[in-house]
Amino acid sequence: MESKNIALTPEALNVIATLQHKNGTYTFYTNALNRLFNFVLDQSDEIGMSDTEAIHTLRALQYIREDLATIANRQPDLVADHTDTEETVEKVEATFDGVSVSTEEAGEDEQ
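Note that this is a predicted model, so its numbers are computed, not measured. (Residues numbered from 1 in each chain as written. Predicted model: local features only at pLDDT ≥ 70, side-chain atom pairs only at ≥ 80, totals over all residues. Heavy atoms only, no water.)

Visitor: Any chance you could break down the environment of Thr30 for me, citing the residues and the numbers?
Guide: Note that Thr30 resides in helix H2 (residues 25–43). Sequence separation between Thr30 and Glu66 is 36 residues; the distance between their C-alpha atoms is 9.5 Å. (Helix = DSSP H or I, 4+ residues; strand = E, 2+ residues; numbered from the N terminus.)

Visitor: Requested: an account of H2, with residues and values cited.
Guide: Here H2 is 19 residues long and its end C-alpha atoms lie 27 Å apart, about the 27 Å a rise of 1.5 Å per residue gives. Thr25, Tyr26, Thr30, Leu33, Phe37 and Val40 are the residues of H2 that are buried. Angular distribution of buried residues about the axis of H2 spans 115°; they occupy a single face of the element. Along H2, exposed side chains directed more than 90 degrees from the buried face belong to Phe28, Arg35 and Asp42. Check the buried side of H2 and you find it contacts helix H1 (10–20) and helix H3 (51–71). (Expected span 1.5 Å × (residues − 1). Buried < 20%, exposed > 50% of the residue type's maximum accessible area, 1.4 Å probe, protein only. Arc of directions from axis to C-beta. Contact = heavy atoms within 4.5 Å.)

Visitor: Please give an account of the packing of H2 against H3 that cites residues and values.
Guide: Closest axis-to-axis distance for the H2/H3 pair is 10 Å, and the angle between their directions is 170°. What the angle tells us is that H2 and H3 run roughly antiparallel. Between H2 and H3 lies a crossing of left-handed hand. Every residue of H3 that contacts H2 at Tyr26, Tyr29, Leu33, Asn34, Leu36, Phe37, Val40 and Leu41 is listed here: Ala54, Thr57, Leu58, Leu61, Ile64, Arg65, Leu68 and Ala69. Among the residues making up the contact of H2 with H3, the classes are represented as 13 nonpolar, 2 polar and 1 charged. (Axes fitted to C-alpha atoms, helices over the stretch in contact; angles between N-to-C directions. Parallel < 35°, antiparallel > 145°, perpendicular 65-115°, else oblique. Left-handed = near helix turned anticlockwise from the far one by under 90°. Nonpolar A, V, L, I, M, F, W, Y, C, P; charged D, E, K, R; others polar.)

Visitor: Give a description of a nonpolar patch on the surface that names residues and reports values.
Guide: A surface patch of nonpolar side chains, about 300 Å² in accessible area, is lined by Ile6, Leu8 and Leu13. Residue Leu13 is classed as partly exposed on the basis of its relative accessible area of 45%. (Patch = residues over 30% accessible without salt bridge, like charges linked within 9 Å, V, L, I, M, F, W, Y side chains within 5 Å. Areas by Shrake-Rupley, 256 points an atom, 1.4 Å probe, with all protein chains shown as cover. Salt bridge = Lys/Arg side-chain N within 4 Å of Asp/Glu carboxyl O.)

Visitor: Can you break down the nonpolar core residue by residue, with the values?
Guide: In terms of nonpolar packing, the biggest core is built from 12 residues, these being Leu19, Tyr26, Leu33, Phe37, Val40, Met49, Ala54, Leu58, Leu61, Leu68, Ala69 and Ala72. Of all the elements in the fold, those that place two or more residues in this core are H2 and H3. Here the element with the most residues in this core is H3; it accounts for 5 residues. Sequence-distant contacts of Ala54, defined by excluding residues within four places in its chain, comprise Val40, Ser44 and Met49. (Core = buried A, V, L, I, M, F, W, Y, C linked by side-chain atoms within 4.5 Å.)

Visitor: Go over a negative patch on the surface, please, and point to the residues and values.
Guide: The grouping of Asp42, Asp45, Glu46 and Asp51 at the surface amounts to a negative patch. Position of Asp51 relative to the elements: it lies in helix H3. (Lys, Arg positive; Asp, Glu negative; His and termini not counted. Charge placed at Lys NZ, Arg CZ, Asp CG, Glu CD.)

Visitor: Kindly report on the packing of aromatic side chains, identifying the contributing residues and their values.
Guide: Within this structure, the stated rule accounts for 1 aromatic pair. Here Phe28 and Tyr29 contribute two aromatic rings whose centre-to-centre distance is 6.1 Å and whose plane-to-plane angle is 50°, an arrangement assigned as tilted. A cation over a ring is seen here: Arg65 above Phe37, with NZ or CZ 4.5 Å from the ring centre. (Phe/Tyr/Trp six-rings, centres within 6.5 Å; stacked < 30°, edge-to-face > 60°. Lys NZ or Arg CZ within 6 Å of the ring centre and 35° of its normal.)

What follows is the structure, encoded as structure tokens:
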């Protein structure tokens, strides 16, 4: 494979070898990233992140996981299966089909 403008230092090669080794380094790193991903997902409001900031952070963490998987010559552990959005919307709508809240009931709950 031909690479242009890529400097593979001995340290970089050592990191690649470590990630590709079956000693658990890749799993250790991805488990830490998974915990961080879940923390941001679940606690972004509590730590003062805007929704946009949380989404950008989650995307960056996902890209890091995918890049690590590529370097480690592994399949990335994806957070979500890439299901069809329309299919998901149909399932959600079907779940809540027939559910309604009258304005009278909502007003009583607030009092």
